[in-house]
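Overview (structure and organization)
Okay, here's what each chain looks like letter by letter:
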Amino acid sequence: MTEQKQGSREGVRILPSADVDDRAEIGEGTSVWHLAQVREGARVGRNVVIGRGAYIGPDVPVGDNCKIQNHALVYEPAVLEPGVFIGPAVVLTNDHYPRAVNADGTPKSAHDWTPVGVTLREGASVGARSVCIAPVTIGRWALVAAGSVVSKDVPDFALVAGVPAKRLRWVGKAGEPLEDRGDGLFVCPKDGSEYVEIDGVLKEKA
C-alpha cells in the first residue's frame, strides 16, 4: 500500500495529487484523495471523505460527515447538509440550458448564464451514476437509486428510482425500505423505528 502523506492543514489528510485551493476551508478529520479537486471558497466540514477524482465547485458548502465518492461532480451552487452520501460518478448539474456559445457564436462567459444548484438535505443519499438536474432538492434521509435522473424535488424519506426518477417506497434513517403496517404507519425492519405518512408526507413518529 502506498504511504499516505498528511496535507498542510492540521488534522486533515490531503493526498499529494489532490488539488485543494488555499482559499478552501477543510474541517478536521477530512480526507481528500488522489486527483480530487476542491475549488476556492468551498467550505468542507469535519470527517468528510472526498474520493479519487471528485470535484467540489467554488463556494460549495459540504456538511460534517459527508461521503463524496470517486469521480463525483458537485457543481456550484450545490449545498450538501451533514451526513450526505454522493455515490461514484454522480453529477449535480448547475445550468438550465447549457451552451458553449451564445446565439451569435461568441463563447459564453460567467456573465452569460445564471447557475442553479442542487440541495441535498441531511442524511440524503444519491446512488452511483445518478444525475440530479438543478434546481432540485433531495429531502432529508431520501435515497436516490443508482442510475437515476432526478428532475423534480424528492420528499424526505423517499426512495426514488428511474429516468425520470419516481418514488417507489419510503425509507428510514437506516436506509432500508420501510414496512407498511397500515393506517399510515411504517416501520423500519432494521431498527424498529416508526414513521407516519400524512397527506403524502412521511415523518418520524413522535
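The structure we're discussing is the one just above.
Since this is a predicted model, take the numbers as computed values, not measurements. (Residues numbered from 1 in each chain as written. Predicted model: local features only at pLDDT ≥ 70, side-chain atom pairs only at ≥ 80, totals over all residues. Heavy atoms only, no water.)

1. What to know about the overall build of the chain
Inclusion rule: Runs of H or I in DSSP of at least four residues are treated as helices and runs of E of at least two as strands, each being numbered from the N terminus. What the globule rule says is 2.2 Å times the number of residues to the power 0.38, and the radius of gyration is computed from C-alpha atoms. Each residue is assigned to one of three classes by its accessible area relative to the maximum for its type, calculated with a 1.4 Å probe on protein chains only: buried under 20%, partly exposed between the two thresholds, exposed over 50%. Note on contacts: a residue pair qualifies if any of its non-hydrogen atoms lie within 4.5 Å across the two residues. Residue-level accessible areas treat just the shown protein chains as cover; the underlying method is Shrake-Rupley with a 1.4 Å probe. His is not counted here, nor are the chain ends, while Lys and Arg score as positive and Asp and Glu score as negative. Charge positions are represented by NZ for Lys, CZ for Arg, CG for Asp and CD for Glu.
Looking only at helices and strands, the chain features zero helices and 26 strands. For 206 residues, the compact-globule estimate of 2.2 N^0.38 gives 17 Å, and the C-alpha radius of gyration of the chain, at 19 Å, lies within 12% of that figure. Taking the principal axes of its C-alpha atoms as reference, the chain extends roughly 55 × 50 × 30 Å. Taking all 206 residues of the chain together, the buried fraction comes to 40%. Contacts in the chain between residues far apart in sequence, at least 24 positions, make up 16% of those at least 6 positions apart. Total accessible area on the chain stands at roughly 11,000 Å², and carbon and sulfur atoms take up 50% of it. Averaged over its 23 positive side-chain charges, the chain has a centre that lies 4 Å from the centre of its 27 negative ones.

2. Topic: the state of the cysteines
What counts is decided by this rule: The disulfide definition used here is simple: a pair of cysteine sulfur atoms within 2.5 Å.
Throughout the structure, instances matching the rule amount to zero disulfides. Here Cys 66 is not disulfide-linked; the sulfur of Cys 132 is the nearest cysteine sulfur, at 14 Å.

3. What about the pairing of strand 21 (residues 158–161)?
Selection criterion: A pair of strands is labelled paired if DSSP reports no fewer than 2 bridges between them.
In the sheet, strand 19 (residues 143–144) pairs with strand 21 via two bridges, with the strands oriented parallel. Among the inter-strand pairings, Leu 143 is bridged to a residue of strand 21, identified as Leu 159. In this structure, strand 21 lies alongside strand 22 (residues 166–170), joined through four bridges in antiparallel fashion. Each bridged residue has a counterpart across the sheet, and for Ala 158 the counterpart in strand 22 is Trp 170. Between the antiparallel neighbours strand 21 and strand 22 lie four residues, among them Gly 162 with a positive phi of about 105°.

4. Brief notes about the environment of Leu 15
Tracing the chain through its elements places Leu 15 in the loop between strand 1 (13–14) and strand 2 (19–20). Residue classification places Leu 15 among the buried residues on the basis of a relative accessible area of 2%. For the pair Leu 15 and Trp 33, spaced 18 residues apart in the sequence, the C-alpha separation amounts to 5.3 Å.

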